[in-house]
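# Notes for the structure review
Take a look at the letters that make up each chain.
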Number of protein chains: 2
Amino acid sequence: MNKHISEQFDADLESARSQLMEMGGLVERQVREACAAVLDQREELAQGVRDAEPTVNRFEVNLDDHCVQTIALRQPTASDLRMMISVLKTSTDLERMGDEANRIAKMALALSGAEYPEDRYADVRILADRVIDMVSAALDSFARMDAAVARSVIRADKAVDDGYRQVLKRLVGDMQSRAEAVERSLNILWVARALERIGDHAKNISEYALYLVHGEDVRHSRNSGVLDDEAATASAAPRTD
Amino acid sequence: MNKHISEQFDADLESARSQLMEMGGLVERQVREACAAVLDQREELAQGVRDAEPTVNRFEVNLDDHCVQTIALRQPTASDLRMMISVLKTSTDLERMGDEANRIAKMALALSGAEYPEDRYADVRILADRVIDMVSAALDSFARMDAAVARSVIRADKAVDDGYRQVLKRLVGDMQSRAEAVERSLNILWVARALERIGDHAKNISEYALYLVHGEDVRHSRNSGVLDDEAATASAAPRTD
């Protein structure tokens, strides 16, 4: 690739990355506000989360177009190509994260008439805080190509899965002991479930980052040298459902 | 692109497509067998579904590598490039479909001691049949680049969402009327939920096919001319959760 083409590619790549980070910031806000809408009974935030959906979708479509055109036009080298493809994949994960935030926002509306529990959803709140941190760190790991941060996100997914399992167990108990709690508990369960999925998408994004840094595909690997033992165990742990 | 390069690209593309179809066939079988494991109490099938997971994962990683190398080496034109990228995206949806089949298989094991209902899970069975048809048609629409089949898959997603909502409503009723039904009902709910997600992934695959045929991005479009009105309404319909 001559210098001219290479400079053009760098500019296109920079544009893709900055669009991606803007999209990421928007989705991160959706997740935060959806959680606040449910957990702090701030239903007024739910509509904003839902209103952001078309913008998130537009980001994904535009990023796809931009990446495809850049690849076709600039014909990047293998490593630059991998970067473009990781941007494409990350935008898909972000869009699906936005979908999950939307589901949480819907639950905030469904729960708006329900009794607010005395513990202010303590266990779901812990889960939400973990997931919000994960999303923020995942975007960070991708933006800065930081392998250490990426690894911490992949490890954090285990704590999120554990937290989800605890919430699930508690809710099953509630449903068994009080028939009138079934509907409300299920709505909370959907929130916890969406959070667990958001954690999965954050993990995917950090896996792309790690792949770009190390050139090694850590997806589906149980004993990859890239991850330390703890993380390898985490990714090999059975799923909750 | 000169004739020589173009022929090499065609061979690489053909190889990617045939790997993708092989992966699709494997995942389709996982979905079928996971459903039979739950609905016909054939728990012996569940382990096979779970055992196939590493193979599905390997397909995804290998296809990614193959596509990236082909793009870097052959530098395809924009339309060929879109095809390669659709293969990449489809393999991700197939892998996640396989994950959902695994979740269903896990539920078959969890339910193996439970009472087999008199109606043999009639409503979940209808949902499963619809989803299995969708998966098969989605792969078909991609393999043959058949826009009519792709559109039928996108329309079918509405019926799947409706079916899921009906199962959910019925299960909530069961849980409210019998505390001892809560755990079993939740396990069935996870099955229905996984089926609904598999339907979403099938729809994604058909959207990629439609995009390749028409060159138009129908994802997130509510009033696209590519889809007829019914389908546009379906994709705009609110999600269940």
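Keep in mind that this is a model prediction, so the values were computed, not measured. (Residues numbered from 1 in each chain as written. Chains lettered and ligands numbered in written order. Predicted model: local features only at pLDDT ≥ 70, side-chain atom pairs only at ≥ 80, totals over all residues. Heavy atoms only, no water.)

## Details of the overall build of chain A
In terms of helices and strands, chain A carries 8 helices and 0 strands. Listing the helices and strands of chain A from first to last along the sequence gives α-α-α-α-α-α-α-α. Long-range contacts, defined here as pairs at least 24 residues apart, represent 81% of the contacts in chain A between residues at least 6 apart. With an accessible surface of roughly 9,600 Å², chain A has 47% of that area assigned to carbon and sulfur atoms. (Helix = DSSP H or I, 4+ residues; strand = E, 2+ residues; numbered from the N terminus. Contact = heavy atoms within 4.5 Å. Areas by Shrake-Rupley, 256 points an atom, 1.4 Å probe, with all protein chains shown as cover.)

## Examining the confidence of the model for chain A
Residues and elements named next belong to chain A. Averaged over every residue, the pLDDT of chain A is 89; the share at 70 or more is 88%. No element of chain A has a lower mean pLDDT than helix H8 (residues 229-236), which averages 35, and none a higher one than helix H5 (residues 122-144), which averages 97. A low-confidence stretch, residues 222-241 stays under pLDDT 50, and its non-local contacts, those more than four residues away or across chains, total 36 contacts. Overall fold confidence for the complex sits at a pTM of 0.86, while the interface term, ipTM, reaches 0.82. (pLDDT = per-residue confidence, 0-100.)

## A closer look at the pattern of salt bridges
Residue and element names in this part refer to chain A. Inspection of the entire model under this criterion finds 38 salt bridges over all chains. A salt bridge links Arg74 to Asp12; the shortest N-O distance between them is 2.6 Å. Of this pair, Arg74 sits in helix H3 (residues 53-74) while Asp12 sits in helix H1 (residues 3-39); the two residues are 62 residues apart in sequence, bridging distant segments of the chain. Judged by relative accessible area, which is 15%, Asp12 ranks as buried. Between Asp174 and Arg170 there is a salt bridge; the shortest N-O distance is 2.9 Å. You can see Asp174 and its partner Arg170 sitting in helix H6 (residues 147-177), 4 residues apart, about one turn around the helix. (Salt bridge = Lys/Arg side-chain N within 4 Å of Asp/Glu carboxyl O. Buried < 20%, exposed > 50% of the residue type's maximum accessible area, 1.4 Å probe, protein only.)

## Comments concerning the side chain of A:Arg184
Residue and element names in this part refer to chain A. Mapped onto the elements, Arg184 comes out in helix H7 (residues 182-214). The side chain of Arg184 sits in the buried core without any salt bridge; Glu115 is the nearest counter-charge, 4.5 Å away. At 3.0 Å, the side chain of Arg184 forms a polar contact with the backbone oxygen of Glu115. Residues contacting Arg184, with those up to four places away along its chain left out, are Leu111, Ala114, Glu115, Pro117 and Tyr121. (Lys, Arg positive; Asp, Glu negative; His and termini not counted. Polar contact = N/O pair within 3.5 Å; in protein donor to acceptor, adjacent residues only side chain to side chain.)

## Notes on helix H2 (residues 44-51) of chain B
Residues and elements named next belong to chain B. Buried within H2 are the following residues: Leu45, Ala46 and Val49. All buried residues of H2 project into a common sector of 105 degrees when viewed along the axis, lining one side. Residues of H2 that are buried sit in contact with helix H1 (3-39), helix H3 (53-74) and helix H4 (78-110). (Arc of directions from axis to C-beta.)

## Section: the packing of helix H4 (residues 78-110) of chain A against H5(A)
To characterise two packed helices, one gives the angle between the axes of the helices and the distance between these axes. All names here are of chain A. Put simply, H4 and H5 touch, their axes get as near as 13 Å, and they point 165 degrees apart. Classed by the angle they form, the pair H4 and H5 counts as roughly antiparallel. Regarding H4 and H5, the two cross each other, and that crossing is left-handed. Each of Ser86, Val87, Thr90, Leu94 and Met97 in H4 lies in contact with H5, whose residues at this interface are Val135, Leu139 and Phe142. Tallied by class, the residues present in the contact of H4 with H5 amount to 6 nonpolar, 2 polar and no charged. (Axes fitted to C-alpha atoms, helices over the stretch in contact; angles between N-to-C directions. Parallel < 35°, antiparallel > 145°, perpendicular 65-115°, else oblique. Left-handed = near helix turned anticlockwise from the far one by under 90°. Nonpolar A, V, L, I, M, F, W, Y, C, P; charged D, E, K, R; others polar.)

## Topic: helix H7 (residues 182-214) of chain B
The end-to-end C-alpha separation of H7(B) is 47 Å, in line with the 48 Å expected for 33 residues at 1.5 Å each. Buried residues dominate H7(B), accounting for 30 of its 33 residues. (Expected span 1.5 Å × (residues − 1).)

## Some thoughts on the environment of B:Asp161
Inspection of the secondary structure assignment puts B:Asp161 in helix H6 (residues 147-177). Each C-alpha atom of the pair B:Asp161 and B:Ala147 lies 22 Å from the other, and the pair is 14 residues apart in sequence.

## Considering the relation of the copies chain B and chain A
When chain B is fitted to chain A, the residual RMSD is 0.0 Å, and the transformation amounts to a turn of 180 degrees plus an axial shift of 0.0 Å. Seen this way, the second copy is the image of the first under a two-fold rotation axis. Closest approach to the rotation axis among the C-alpha atoms of chain B is made by B:Gln75, whose C-alpha sits 3.0 Å away. Of all interface residues in chain B, 100% are interface residues in chain A too; the two copies therefore contact each other through one and the same surface. (Least-squares fit on C-alpha atoms with pLDDT ≥ 70 in both.)

## A few points about the environment of B:Tyr121
Here B:Tyr121 shows up in the loop between H4 and helix H5 (122-144). When residues no more than four places from it in sequence are discounted, the contact partners of B:Tyr121 are B:Val38, B:Leu39, B:Leu111, B:Glu115, B:Tyr116, B:Arg184 and B:Ile188.

## Digging into the interface of chain B and chain A
Taken together, the 47 residues of chain B in the interface contact 47 residues of chain A. Between chain B and chain A lies a buried interface of about 4,200 Å² when both sides are counted; carbon and sulfur atoms form 55% of it. Taken together, the connections running from chain B to chain A amount to 8 salt bridges. Counting the contacts that link chain B with chain A gives 4 residue pairs in polar contact (both at pLDDT 80 or more). For the side of chain B that touches chain A, the secondary-structure elements that each account for two or more residues are H3, H4, H6 and H7 of chain B. For the side of chain B that touches chain A, the residue count by class is 21 nonpolar, 8 polar and 18 charged. (Buried area = accessible area lost by both parts, 1.4 Å probe.)

## A word on the environment of A:Asp65
Looking at where A:Asp65 falls in the secondary structure, it is placed in helix H3. For the pair formed by A:Asp65 and A:Leu88, sequence separation is 23 residues and the distance between their alpha carbons is 9.4 Å. Ignoring any residue separated from it by four or fewer positions in sequence, one finds A:Asp65 in contact with B:Arg82 and B:Tyr211.

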